[in-house]
Amino acid sequence: MKKVKLNLKTIWLGGLVFLIPVLCFSQFSPTFQSAGSSGKGNAEITPYYANIGTGYEGERAQVFDNFGFQLGVGISDRTEIRAKYDRFSVHEFEGGMNLLMVGPKFSTESGKFAVFIPIGSNFEKDMDATWMTEPTFIFSPALGEKIHLNLSPGFLIPLSSDVGLDETFLKLNFGLAFQLKGGWIIRPEGGLMYFLQEIGDGHFYNFGLGVSKLLASK
């Protein structure tokens, strides 16, 4: 199969052709974290997989497989530095895209609210880098002693000069966190993603599973 450069991709869906710029291939994956901090000196690691597709007028098509890894390190009781690596494989085409984002996460004392502000860029052969930020707000109310609901709306905002702010996305992710023994957490999660300028005309969707492990310093 001929290799296709991913700075512009055409996706056929129900007779409609979408031309999607490189920014759309950036951060589609769910959040896979709760509002609470891992704590000073502790760390949380989370490998995950997400199935990503697009929907338009009742029709759907799977577009990406997303394998990723997330690491959060507590620098204080309420503050973490988090890094996310994502590998997106594109269906029907050879190749894919890598994305790395790093930023601080600030949690409240209750552990119910947090804001995560990563900045990063894609990197792949034959693809121009696109810098972006993804401010995300996380709300994690308890549904039981060992279960939390995670709601994490956010925005994907381009920072590169060759991509305008009109390419901003709205992300609405939602999931659950099941706390198990030994610091393990199971995270089923999904969400929707929209162009701000085209809300109602179509969307991207994701559903995936992450598994977190809390590594305590003591």
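Higher on the page you've got the structure.
Residues numbered from 1 in each chain as written. Predicted model: local features only at pLDDT ≥ 70, side-chain atom pairs only at ≥ 80, totals over all residues. Heavy atoms only, no water.

**Some thoughts on the packing of aromatic side chains**
Phase 1: Scanning all chains against the criterion turns up 5 aromatic pairs.
Phase 2: The interplanar angle of 25 degrees and the centroid separation of 4.7 Å between the aromatic rings of F32 and Y48 together place this pair among those described as stacked. With F32 in the loop between strand 2 (16-21) and strand 3 (43-56) and Y48 in strand 3, the pair connects residues that are 16 residues apart, well separated along the chain.
Phase 3: On the accessibility criterion, F32 (0% relative accessible area) is buried.
Phase 4: The interplanar angle of 20 degrees and the centroid separation of 4.9 Å between the aromatic rings of F113 and F139 together place this pair among those described as stacked. With F113 in strand 7 (residues 113-116) and F139 in strand 10 (residues 136-139), this residue pair connects regions lying 26 residues apart in the sequence. (Phe/Tyr/Trp six-rings, centres within 6.5 Å; stacked < 30°, edge-to-face > 60°. Helix = DSSP H or I, 4+ residues; strand = E, 2+ residues; numbered from the N terminus. Buried < 20%, exposed > 50% of the residue type's maximum accessible area, 1.4 Å probe, protein only.)

**What to know about the nonpolar core**
As a rule of thumb, soluble globular proteins bury nonpolar side chains together.
Phase 1: Of all hydrophobic cores here, the largest spans 16 residues; its most connected members are F28, I52, F64, F88, L99, F169 and M193.
Phase 2: Of all the secondary structure elements, the ones that give two or more residues to this core are strand 3, strand 4 (59-74), strand 5 (79-90), strand 6 (96-107) and strand 13 (184-195).
Phase 3: Broken down by element, this core gets its largest block of residues, 3 residues, from strand 6. (Core = buried A, V, L, I, M, F, W, Y, C linked by side-chain atoms within 4.5 Å.)

**Focus on the pattern of salt bridges**
Phase 1: Applying the stated criterion across every chain, the model contains 5 salt bridges.
Phase 2: Here R78 makes a salt bridge to E109, at a shortest N to O gap of 3.3 Å. Linking R78 in the loop between strand 4 and strand 5 with E109 in the loop between strand 6 and strand 7, this pair joins segments that are 31 residues apart in sequence.
Phase 3: Given a relative accessible area of 41%, R78 falls into the partly exposed group.
Phase 4: Accessibility expressed as a relative area gives 67% for E109, which makes it exposed. (Salt bridge = Lys/Arg side-chain N within 4 Å of Asp/Glu carboxyl O.)

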